[in-house]
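For reference, the chains in residue letters:
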Amino acid sequence: MFSTRAGHRILLLAVLVTGFISILYIASFAQPPPPVPVRTGKDSSTAKNNGPLLSGHAIAPKLGNETVKAELGRAAWKVLHTTFARFPEKPTDDEKEALRSYVHLFQRLYPCGECAEHFSTVLEKYPPQVSSRSAAAMWGCMVHNIVNKRLHKPEFNCENIGDAYDCGVVRRARVLGACCRCFGELPR
Ligand SMILES: Cc1cc2nc3c(=O)[nH]c(=O)nc-3n(C[C@H](O)[C@H](O)[C@H](O)COP(=O)(O)OP(=O)(O)OC[C@H]3O[C@@H](n4cnc5c(N)ncnc54)[C@H](O)[C@@H]3O)c2cc1C
């Protein structure tokens, strides 16, 4: 009688221990989900935080032809500086993220591969400043000057960056009936 009861107890204990071990085993596989990256839109965000899409290798091959390279460069800088000049002074987080991604993809896809390679080192050291129009415009002027220096071109005075690319000038010029320098617009 005693031995049968003891046997039942041992069996019950064995079942409990096995159940407990099984629960621990299953729980070891149930990892919590990985944290979802939070995009704050702050300037501290970098291309690396946004994965390989924005920080990957330059895509275009070497351009070589110096004339094409210079024409392309003039047009590209014009697009970049004008984009910064027309960016909101108080952008939303979404708009900041859009500009940051645009600059990084602009670099990756820039049709002169050797220029893009060099510009990636500039972006790594000086990530795009997207907190406001003025910050973006000053940043654009500064990185253009870094390229200028490398190519032994004169430094541009960044204090005048607003006058050079701000199309508020167009509206004032229209009132005076003078010709406009932004986007080649003609006076009415
Ligand atoms: C992202 C990028 C990377 C490049 N990398 C290379 C490279 O590695 N090797 C290479 O040979 N070429 C490179 N280029 C092209 C090069 O920068 C020039 O565009 C090209 O040599 C033609 O020079 P440019 O003297 O006509 O004047 P640009 O430098 O093209 O400038 C055009 C005009 O912009 C104004 N400007 C000048 N500096 C500034 C500034 N700091 N801020 C605002 N406005 C300014 C001036 O009015 C100037 O006439 C690159 C271009 C870009 C956009």
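Residues numbered from 1 in each chain as written. Predicted model: local features only at pLDDT ≥ 70, side-chain atom pairs only at ≥ 80, totals over all residues. Heavy atoms only, no water.

Looking at an unreviewed UniProt entry, one finds the protein named Sulfhydryl oxidase, with Aaosphaeria arxii CBS 175.79 as its source organism. According to the UniProt record, the Catalytic activity (unreviewed entry) comment for the protein is "2 R'C(R)SH + O2 = R'C(R)S-S(R)CR' + H2O2". According to the UniProt record, the Cofactor (unreviewed entry) comment for the protein reads "FAD". (UniProt positions renumbered as here; feature names shortened; annotations may be inferred.)

Here we take up the state of the cysteines. Summed over the entire model, instances satisfying the criterion amount to two disulfides. The disulfide partner of Cys 112 is Cys 115, and the gap between their sulfur atoms is 2.1 Å. Negative torsions about the S-S bond denote left-handed disulfides, and the value of about 70 degrees found for Cys 112 with Cys 115 makes this one right-handed. The exposure class assigned to Cys 112 is buried, which follows from its relative accessible area of 0%. The disulfide that involves Cys 141 links it to Cys 158, with 2.1 Å between the sulfurs. Where Cys 141 bonds to Cys 158 through sulfur, the torsion about that S-S bond is close to -95 degrees, and the disulfide is left-handed. Highlighted residues: Cys 141 in helix H6 (residues 133-150) and Cys 158 in the loop between H6 and helix H7 (161-165), separated in sequence by 17 residues. Going through the protein in sequence order and numbering each bonded cysteine, the pairs you get are 1-2, 3-4. (Disulfide = S-S within 2.5 Å. Buried < 20%, exposed > 50% of the residue type's maximum accessible area, 1.4 Å probe, protein only. Helix = DSSP H or I, 4+ residues; strand = E, 2+ residues; numbered from the N terminus.)

Now for the environment of Asn 160. In this fold, Asn 160 is placed in the loop between H6 and H7. The class of Asn 160 is partly exposed, set by a relative accessible area of 36%. Each C-alpha atom, one on Asn 160 and one on Cys 141, is 9.7 Å from the other, the two residues being 19 residues apart in sequence.

This paragraph deals with the nonpolar core. Counting 26 residues, the largest nonpolar core has Phe 84, Leu 99, Val 103, Tyr 110, Phe 119 and Trp 139 as the members making the most contacts within it. Among the secondary structure elements, those contributing two or more residues to this core are helix H3 (66-85), helix H4 (93-109), helix H5 (113-125), H6 and H7. (Core = buried A, V, L, I, M, F, W, Y, C linked by side-chain atoms within 4.5 Å.)

For His 81, the position within the fold is in helix H3. At 2.7 Å, the side chain of His 81 and the side chain of His 144 are in polar contact. (Polar contact = N/O pair within 3.5 Å; in protein donor to acceptor, adjacent residues only side chain to side chain.)

Let's shift gears to the pattern of salt bridges. Applying the stated criterion across every chain yields a total of four salt bridges. For Lys 69, the salt bridge identified is with Glu 66, shortest N-O distance 3.3 Å. On the criterion of helical spacing, the pair formed by Lys 69 and Glu 66 is a turn pair, its members being three residues apart in helix H3. Accessibility expressed as a relative area gives 19% for Lys 69, which makes it buried. A salt bridge links Asp 93 to Lys 96; the shortest N-O distance between them is 3.8 Å. Placement of both Asp 93 and Lys 96 in helix H4 is noted, with a separation of three residues, approximately one turn of the helix. (Salt bridge = Lys/Arg side-chain N within 4 Å of Asp/Glu carboxyl O.)

Our next topic: the packing of aromatic side chains. Each aromatic ring pair is described using two quantities: the centre-to-centre distance and the angle formed by the ring planes. Taken as a whole and judged by the stated rule, the model has four aromatic pairs. Ring-pair connections join several aromatic residues into one group, and the members of that group are Tyr 102, Phe 106 and Tyr 110. (Phe/Tyr/Trp six-rings, centres within 6.5 Å; stacked < 30°, edge-to-face > 60°.)

Moving on, we get to the layout of surface pockets. There is about 770 Å³ of room inside the largest pocket. What lines the largest pocket is a set of 28 residues, and nearest its centre among them are Lys 69, Gly 73, Trp 77, Val 147 and Leu 151. Broken down by secondary-structure element, the contributors of at least two residues to the lining of the largest pocket are H3, H5, H6 and H7. With 10 residues, H3 is the largest single contributor of residues to the lining of the largest pocket. The residue makeup of the lining of the largest pocket, split by class, is 15 nonpolar, six polar and seven charged. (1 Å grid on protein atoms, 1.4 Å probe; cavity = no way out; pocket = protein on both sides within 12 Å on 5 of 7 lines; lining within 4 Å. Points joined across faces, edges and corners; volume = space filled by probe spheres on them. Nonpolar A, V, L, I, M, F, W, Y, C, P; charged D, E, K, R; others polar.)

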